[in-house]
Amino acid sequence: MTKKAEILQQLQNQGDRKVKVALCDIDGILRGKIIHTDKFLEAAQSSLGFCDVVFGWDAQDLSYDRVNYTGWHTGYPDAPLYLDLETYRRQPWDGDIPFFLGDLQNPEICPRSLLRKICQNCKDMGFGTRFSQEFEWFNFENTPQDLEKSNFQSLKPITPGMFGYSMLRPTLKQDFFNVLFDQLENFDVQLEGLHTETGPGVYEAAIRYDEVLNAADKAVLFKNSVKEIAYSHGILASFMAKWNTRLPGCGGHIHQSLWNIGFTQNLFYDENKPFQMSDLFQNYAAGLLHCLPHILPMYAPTVNSYKRLTEGAWAPTTQTWGIDNRTTAIRVLNNKESSCRTEMRVAGADTNPYLAMAACLASGLYGIRHKLALDLPPTQGNGYQEIGLGRLAPNLGEAAQFMQNSEIAQELFGEAFVDHFTQTRFWEWRQFLQQVTDWELKRYLEII
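Calculation criteria
Residues numbered from 1 in each chain as written. Predicted model: local features only at pLDDT ≥ 70, side-chain atom pairs only at ≥ 80, totals over all residues. Heavy atoms only, no water. Helix = DSSP H or I, 4+ residues; strand = E, 2+ residues; numbered from the N terminus. Buried < 20%, exposed > 50% of the residue type's maximum accessible area, 1.4 Å probe, protein only. Contact = heavy atoms within 4.5 Å. Areas by Shrake-Rupley, 256 points an atom, 1.4 Å probe, with all protein chains shown as cover. Lys, Arg positive; Asp, Glu negative; His and termini not counted. Charge placed at Lys NZ, Arg CZ, Asp CG, Glu CD. Patch = residues over 30% accessible without salt bridge, like charges linked within 9 Å, V, L, I, M, F, W, Y side chains within 5 Å. Salt bridge = Lys/Arg side-chain N within 4 Å of Asp/Glu carboxyl O. Axes fitted to C-alpha atoms, helices over the stretch in contact; angles between N-to-C directions. Parallel < 35°, antiparallel > 145°, perpendicular 65-115°, else oblique. Left-handed = near helix turned anticlockwise from the far one by under 90°. Nonpolar A, V, L, I, M, F, W, Y, C, P; charged D, E, K, R; others polar. Core = buried A, V, L, I, M, F, W, Y, C linked by side-chain atoms within 4.5 Å. Polar contact = N/O pair within 3.5 Å; in protein donor to acceptor, adjacent residues only side chain to side chain. Pairing = 2+ DSSP bridges.

Draft legend 1. Region of the structure containing the overall build of the chain. Within the chain, the regular secondary structure consists of 13 helices and 13 strands. Over its C-alpha atoms, taken along the principal directions, the chain stretches across nearly 65 × 60 × 55 Å. Burial analysis of the chain (448 residues in total) assigns 56% to the buried set. Sequence separation of at least 24 residues holds for 71% of the intrachain contacts in the chain that already meet a minimum separation of 6. Put simply, the chain shows about 20000 Å² of open surface, and 49% of that area lies on carbon and sulfur atoms. The chain carries 41 positive and 53 negative side-chain charges, and their two centres are separated by 3 Å.

Draft legend 2. Broad picture of unusual backbone geometry. Even without being a glycine, Asp-61 presents a positive backbone phi close to 65°. If you trace the backbone, Asp-61 turns up in the loop between strand 3 (48-51) and strand 4 (78-91).

Draft legend 3. Expanded view of a nonpolar patch on the surface. Judged by side-chain polarity, Trp-439, Tyr-444, Ile-447 and Ile-448 come together as a nonpolar surface patch covering roughly 520 Å² of accessible area. Structurally, Ile-448 is set in the segment after helix 13 (438-444).

Draft legend 4. Up close: the side chain of Gln-91. Following the sequence through the fold, Gln-91 ends up in strand 4. Overall, the relative accessible area of 1% leaves Gln-91 in the buried class. Excluding its chain neighbours within four sequence positions, the residues that come into contact with Gln-91 are Lys-20, Asp-96, Ile-97, Phe-99, Phe-187 and Glu-228.

Draft legend 5. Quick look at the packing of helix 10 (residues 396-404) against helix 12 (residues 415-433). Running from amino to carboxyl end, helix 10 crosses helix 12 at an angle of 165°, the nearest separation of the two axes being 9 Å. On the basis of the axis angle, helix 10 is roughly antiparallel to helix 12. Handedness of the crossing formed by helix 10 with helix 12: left-handed. Side by side, helix 10 and helix 12 meet where Leu-396, Gly-397, Ala-400, Gln-401, Met-403 and Gln-404 of the first sit next to Phe-417, Val-418, Phe-421, Thr-422, Gln-423, Arg-425, Phe-426, Glu-428 and Trp-429 of the second. The residue makeup of the contact of helix 10 with helix 12, split by class, is 8 nonpolar, 5 polar and 2 charged.

Draft legend 6. Main features of the nonpolar core. Counting 110 residues, the largest nonpolar core has Trp-137, Phe-222, Leu-258, Ile-295, Met-298, Tyr-299 and Phe-413 as the members making the most contacts within it. Counting residues per element, this core draws most heavily on helix 9 (residues 353-369), at 12 residues. Ignoring sequence-local partners within four residues, the contact set of Tyr-299 consists of Leu-288, Leu-292, Met-344, Val-346, Ala-347, Gly-348, Thr-351, Ala-356, Ala-359, Cys-360 and Ser-363. By size, the runner-up hydrophobic cluster in this structure holds 27 residues, among which are Leu-41, Tyr-76, Leu-104 and Cys-110.

Draft legend 7. Spatial organisation of the pattern of salt bridges. This model, assessed by the stated rule, comprises 21 salt bridges. The salt bridge partner of Arg-90 is Asp-16, with a shortest N-O separation of 2.6 Å. In this pair, Arg-90 is assigned in strand 4 and Asp-16 in the loop between helix 1 (3-14) and strand 1 (18-24), connecting sequence segments 74 residues apart. Of the two residues examined, Arg-90 and Asp-16, each falls in the buried class. Arg-430 is the partner of Asp-65 in a salt bridge, and the nearest nitrogen-oxygen pair spans 2.8 Å. Linking Asp-65 in the loop between strand 3 and strand 4 with Arg-430 in helix 12, this pair joins segments that are 365 residues apart in sequence. The network of salt bridges with shared partners includes Asp-84, Asp-103, Arg-112, Arg-116 and Asp-217.

Draft legend 8. Seen up close, the side chain of His-255. Counting through the fold element by element, His-255 comes out in strand 10 (residues 254-259). When its relative accessible area of 8% is taken as the criterion, His-255 is described as buried. Side-chain polar atoms of His-255 contact the side chain of Glu-134, separated by 3.1 Å. Beyond its immediate stretch of four places on either side in the chain, His-255 contacts Arg-130, Phe-131, Ser-132, Glu-134, Leu-333, Arg-341, Thr-342 and Glu-343.

Draft legend 9. The pairing of strand 6 (residues 128-140), seen in detail. Among the 13 residues in strand 6, 12 count as buried, and that is most of the element. Strand direction decides the pairing type here: strand 6 and strand 10, joined by 6 bridges, are antiparallel. Across the sheet, Gly-128 pairs through a bridge with Trp-259, a residue of strand 10. Relative to strand 8 (residues 202-207), strand 6 runs antiparallel, the two sharing 5 bridges. Within strand 8, the residue paired with Trp-137 across the bridge is Tyr-203. Note that strand 6 and strand 9 (residues 236-238) share 3 bridges and pair antiparallel. Looking at the pairing, Phe-140 lines up with Leu-236 of strand 9.

Now the structure itself:
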């Protein structure tokens, strides 16, 4: 019996009446529904109709005005959602309800489909992948209703002060802290570590590595699951990149390495090469650096992302790499073969994991295909002062414009995806430009 048949048989035998299904939109938000098990079993044989508006609107459900895929001009029809039965898991905080992810099998529009395509390209080149994403996020003693009522002005972190790696602070919310670790484990989203970061109410979690598509699934599920579990404890969890100018932002760093297909050899490690970096690793890292400005919105997708990418704020601002250097865009960890890898530090907690990992893997493979040399020496010390390759774009508008016009971006992902994605980012930028901010009122209302 195939694995697919076993899963379907298990659902029938256990008598579940309903199933959760979900897909990830362009902003990394899970959109889904609960369906009857009978309907799920039918859909598992072909596909499930799902309104394509989820790829035609933004995080606030406002319709994009300049995308071709869907809109008022198409009438927002259903698109076929293909369920991936290998994503089967049960949600322990919701009665162990069966849960499945799916995608459109359309890499021009759907983030998971795009990553699946890049993953296949990688396998065709003879490489296996090990990826993981780590997240920092803030936790508040607020409800969504509180935030609406106070116009998002009365945020109360669950713990006070700057106390990274604290053994003390988690005891203030011990049930939440422990349940989070345990229930994520039971949801097949294993954590390698969970601790406080520097900042009031902020945690950091590292998700255990996996093959890249599985790793992205786990990262997307992690963000949504943390929010759901937090709700049940009277907590609001936020993965916003930078919610307060006086506090550090929230990273979503991506660790990555290439292996042989059997996962018996880390292809990034060569003890006879400088910095123990194999030629393949050097090509891969050079690809990451070379492609970075061309696809920056895939690592920094929101207006707020660029508030995090500021000098001295534990986030990179330059095209740099270094050995175990947390001020550079690319951090190389090369102590031993089993864990030799690179870390993309530009990515924030607000990323869509499918797109951010697709950006990393496609860039690295680009470097390998083009045999790019890692000519830039590793940054020693302060990466903010190393501007030999240039600084990152300062805002979403400039970054999206660069990506839209980039032949490299189109080579990596195709013209249709680049057009669709950049149009969604231009929409986001225009929404921001139309607003009158509190800063403007305080600065200009009386004095000017």
